[in-house]
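Here is how the chains run, residue by residue.
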Amino acid sequence: GCKFVDDVLMGPPIVITKQMLSTLRINVVLRFPEDSADGRPRSISTVSETDLRYEVPEGMGICRDYRSGHDLSVRQIADRVKAEADILKERFDRKASLEKEHTERKVAELGY
């Protein structure tokens, strides 16, 4: 989790659409101009001119450029979220396995 946001969209589409924003009730889209996919800093004007992913939220006035002032990159955050997702998946898989075993025992006990 993150204490600064209500939710994080895992595996978002490359281009942000109006339908996605509406369906998920997204009010603000944050963009981190100092952190690009290749790890090189970009200026806000360069991001705005070349990155069409944000065209819809920009047009709706809900796109915000955010400079964190920290050396933590979007890539590092994504890696942390992914690591946490792997842990949660392991827990889910373990729980699902236990539930399946329980159900199979109950079915056998009842003679189905």
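Residues numbered from 1 in each chain as written. Predicted model: local features only at pLDDT ≥ 70, side-chain atom pairs only at ≥ 80, totals over all residues. Heavy atoms only, no water.

Caption draft 1: Examining the environment of Ser-73 more closely. With respect to the helices, strands and loops of the structure, Ser-73 is situated in the loop between β2 (63-65) and α4 (74-110). Relative accessible area serves as the criterion here: at 16%, Ser-73 is assigned to the buried category. Sequence-wise, Ser-73 and Phe-32 are 41 residues apart; in three dimensions their C-alpha atoms are separated by 8.6 Å. (Helix = DSSP H or I, 4+ residues; strand = E, 2+ residues; numbered from the N terminus. Buried < 20%, exposed > 50% of the residue type's maximum accessible area, 1.4 Å probe, protein only.)

Caption draft 2: Quick look at α4. For α4, built from 37 residues, the straight-helix expectation of 54 Å at 1.5 Å per residue is met to within 8% by its first-to-last C-alpha distance of 53 Å. Positive phi shows up at Gly-111, right after α4, with a value of about 75 degrees. (Expected span 1.5 Å × (residues − 1).)

Caption draft 3: Spatial organisation of unusual backbone geometry. If you check the backbone angles, Arg-25 has positive phi at about 55 degrees while not being a glycine. Relative to the elements of secondary structure, Arg-25 occurs in the loop between α1 (18-23) and β1 (29-31).

Caption draft 4: Inspection of the pattern of salt bridges at higher detail. One pass over the full model with this rule turns up seven salt bridges. In this structure, the salt-bridge partner of Asp-65 is Arg-31, at a minimum N-O distance of 2.5 Å. Separated by 34 residues along the polypeptide, Asp-65 in strand β2 and Arg-31 in strand β1 bring together distant segments of the chain. Judged by its relative accessible area of 30%, Asp-65 falls in the partly exposed class. We classify Arg-31 as buried; its relative accessible area is 4%. One salt bridge in this structure joins Lys-95 and Glu-99, with 3.9 Å as the shortest N-O distance. (Salt bridge = Lys/Arg side-chain N within 4 Å of Asp/Glu carboxyl O.)

Caption draft 5: Local environment of the environment of Leu-30. Counting through the fold element by element, Leu-30 comes out in strand β1. Of the residues examined, Leu-30 reaches a relative accessible area of 39% and is grouped as partly exposed. As for Leu-30 and Tyr-66, which are separated by 36 residues in sequence, their C-alpha atoms are 6.4 Å apart. In this view, Leu-30 contacts Tyr-54, Arg-64 and Tyr-66; residues no more than four positions away in its chain are not counted. (Contact = heavy atoms within 4.5 Å.)

Caption draft 6: Layout of the confidence of the model for the protein. With 79% of its residues at a pLDDT of at least 70, the protein reaches an overall mean of 79. Helix α3 (residues 55-60) holds the highest mean pLDDT among the elements of the protein, 94, whereas helix α2 (residues 44-50) holds the lowest, 49. (pLDDT = per-residue confidence, 0-100.)

Caption draft 7: Quick peek at a nonpolar patch on the surface. Side chains of Val-5, Val-8 and Met-10 sit close together on the surface and give an oily, nonpolar patch of about 250 Å² of accessible area. Mapped onto the elements of the fold, Met-10 is located in the segment before α1. (Patch = residues over 30% accessible without salt bridge, like charges linked within 9 Å, V, L, I, M, F, W, Y side chains within 5 Å. Areas by Shrake-Rupley, 256 points an atom, 1.4 Å probe, with all protein chains shown as cover.)

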